[in-house]
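Structural overview for review
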Amino acid sequence: MITIINRTPVRVLVAAVMLAGCGVSQSKPDNKKTEESLPVAVSVFPLEKQIFSASLKMPGELVAFQQVDLYAKVNSFVKKLNVDVGSNVSTGQVLATLEAPELGSQLAGAESRLRSQEAVYLASKANYDRLYQTSLTPGTVSQNDLDLALAKQKSDFAQQEAARAAYREIADNRGYLEIRAPFAGVISSRNVSAGAYVGPSGKGSEMPMFTLQEQKKLRLVLAIPEAYTAYLDSRNEVTFTVKSFVGQDFKAKINRQSGTLDSRLRSQRIEMDVINNDKKLLPGMVAEVSIPLNRADSVFVVPTTAVANGTEKIFVIRVTNGKAEWVDVRKGREANGKTEIFGPLQPGDMLMEKANDEVRNGSAVMPKK
């Protein structure tokens, strides 16, 4: 008896195994769109105007109210020095005495020429006066002789005045042999000693004989950036400190403004007068100055965190009807965590306390309760 075995083809078995191993995939719900559609809870505050008070802190320099370098007017030698570094001097005080022997000889020669010209003039004047008296008798003196005598008198008078001017010039130069203080102050430097040869700058003296500074009154000099010049007021009183007197505040008042901007720094120079009768403050000191920057009118003031600094613009985020709206603004002053802003805003607008570019323009937001 012959038994016949029925064999299933191999490819049919493989297909059955693959079908058994493959499960039917079930679709998952897309939560991404659902999450994006949900409003983001944010902290908001109502916008309002305030009187914004701020101050600008920056370094300044104390300089002498007046300072002058004193040179010799004429080429000479130092005969005597009456002051030294640190000396307090008064206006007109003789600081040094110089000597120039040749000036004495020049003055004697000029005086001699002056006396000679005076004698010539007196003679020509007397001659003209006699001719004039004689000419009163008709036919005694011709008009031509009288005119020549008058011209000679005028010429001699001019020569006399020229000699007088030359004498006065040399006499004045002798007066320059005394170096006097043009104002009261302190001698801050001395560069010569007795016997030194001195003269005008570049002609005997490369350095000044003395440097004189007025120190009972100083100038506090600042360079204010362009962005803050609109807030300056001559009535503003500033406070400043110096490293030499820790914890002590000094006061000054804005007295002068340059009225123009430096072409390199784009800043305006301002000066304040500082009374320094006790001379505690010294010229050259660096001061840390606090300048009030106040406006008389009210402005929009927000927390600094409410202003977002994007890559292309500066903006705040206004919440309107559950939507975030980016509003372009310009920043003003900043102080104590507050910022002054300018833009198309209205009092009462609801702004986000912490603005950033992650909250996109037009996205759904919900104020926190």
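Our subject is the structure listed above.
Values in this document were obtained by computation on a predicted structure and should not be read as measured data. (Residues numbered from 1 in each chain as written. Predicted model: local features only at pLDDT ≥ 70, side-chain atom pairs only at ≥ 80, totals over all residues. Heavy atoms only, no water.)

As for the overall build of the chain
From N to C terminus, the chain includes four helices and 23 strands. Burial status across the chain gives 31% buried among its 369 residues. Entry remark: accessible area of the chain is about 23,300 Å², with carbon and sulfur atoms responsible for 52%. (Helix = DSSP H or I, 4+ residues; strand = E, 2+ residues; numbered from the N terminus. Buried < 20%, exposed > 50% of the residue type's maximum accessible area, 1.4 Å probe, protein only. Areas by Shrake-Rupley, 256 points an atom, 1.4 Å probe, with all protein chains shown as cover.)

Here's the deal with the pairing of strand β12 (residues 237-242)
Burial along β12 is one-sided: the residues V238, F240 and V242 are buried and none of E237, T239 and T241 is. Relative to strand β13 (residues 250-261), β12 is paired through four bridges, and the arrangement is antiparallel. Directly across from E237, in β13, lies its bridge partner K253. Two strands pair when backbone bridges link them, and β12 and strand β15 (residues 286-294) are joined in this way by four bridges, in the antiparallel orientation. Looking at β15, one finds that V242 is bridged to A287. (Pairing = 2+ DSSP bridges.)

Observations regarding the sheet that holds strand β3 (residues 49-50)
If you walk across this open sheet you meet the four strands as β3-β16-β21-β20, and the pairing is antiparallel. Every other strand in the sheet has two partners, leaving β3 and β20 (330-335) as the edge strands with one partner each. In terms of strand pairing, β20 meets strand β21 (residues 338-342) through four bridges, oriented antiparallel. Considered in β21, the bridge of R330 is made with F342.

Observations concerning the environment of T305
Positionally, T305 belongs in the loop between β16 (299-303) and β17 (308-309). Judged by its relative accessible area of 46%, T305 falls in the partly exposed class. Taking the C-alpha atoms as reference points, T305 and M352, separated by 47 residues in sequence, lie 8.9 Å from one another.

A closer look at the packing of aromatic side chains
Across all of its chains, the model carries six aromatic pairs by this definition. Between Y128 and Y132, the aromatic rings sit 6.3 Å apart at their centres with planes inclined by 25 degrees, giving stacked as the arrangement. Remark: Y132 and Y128 occur in helix α3 (residues 101-135); sequence separation between them is four residues, near one turn of the helix. Accessibility expressed as a relative area gives 39% for Y132, which makes it partly exposed. Centre to centre, the rings of F245 and F250 are 6.1 Å apart; their planes meet at 70 degrees, and the pair counts as edge-to-face. Relative accessible area serves as the criterion here: at 13%, F250 is assigned to the buried category. Taken together, F240, F245 and F250 form an aromatic cluster joined through their ring pairs. In this structure, K73 packs its charged tip against the face of Y176, placed 5.7 Å from the ring centre. The ring of F65 carries the charged tip of K217 above its face, separated from the ring centre by 4.4 Å. (Phe/Tyr/Trp six-rings, centres within 6.5 Å; stacked < 30°, edge-to-face > 60°. Lys NZ or Arg CZ within 6 Å of the ring centre and 35° of its normal.)

What to know about the nonpolar core
Of all hydrophobic cores here, the largest spans 24 residues; its most connected members are L62, F240, L281 and I291. Secondary-structure elements contributing two or more residues to this core are β4 (53-70), β11 (210-225), β12, β13, β14 (267-275) and β15. Ignoring sequence-local partners within four residues, the contact set of L281 consists of L62, L218, F240, V242, F245, F250, V274 and N276. Ranked by size, the runner-up nonpolar core spans 21 residues in total, among them A100, L177, F183 and M209. (Core = buried A, V, L, I, M, F, W, Y, C linked by side-chain atoms within 4.5 Å. Contact = heavy atoms within 4.5 Å.)

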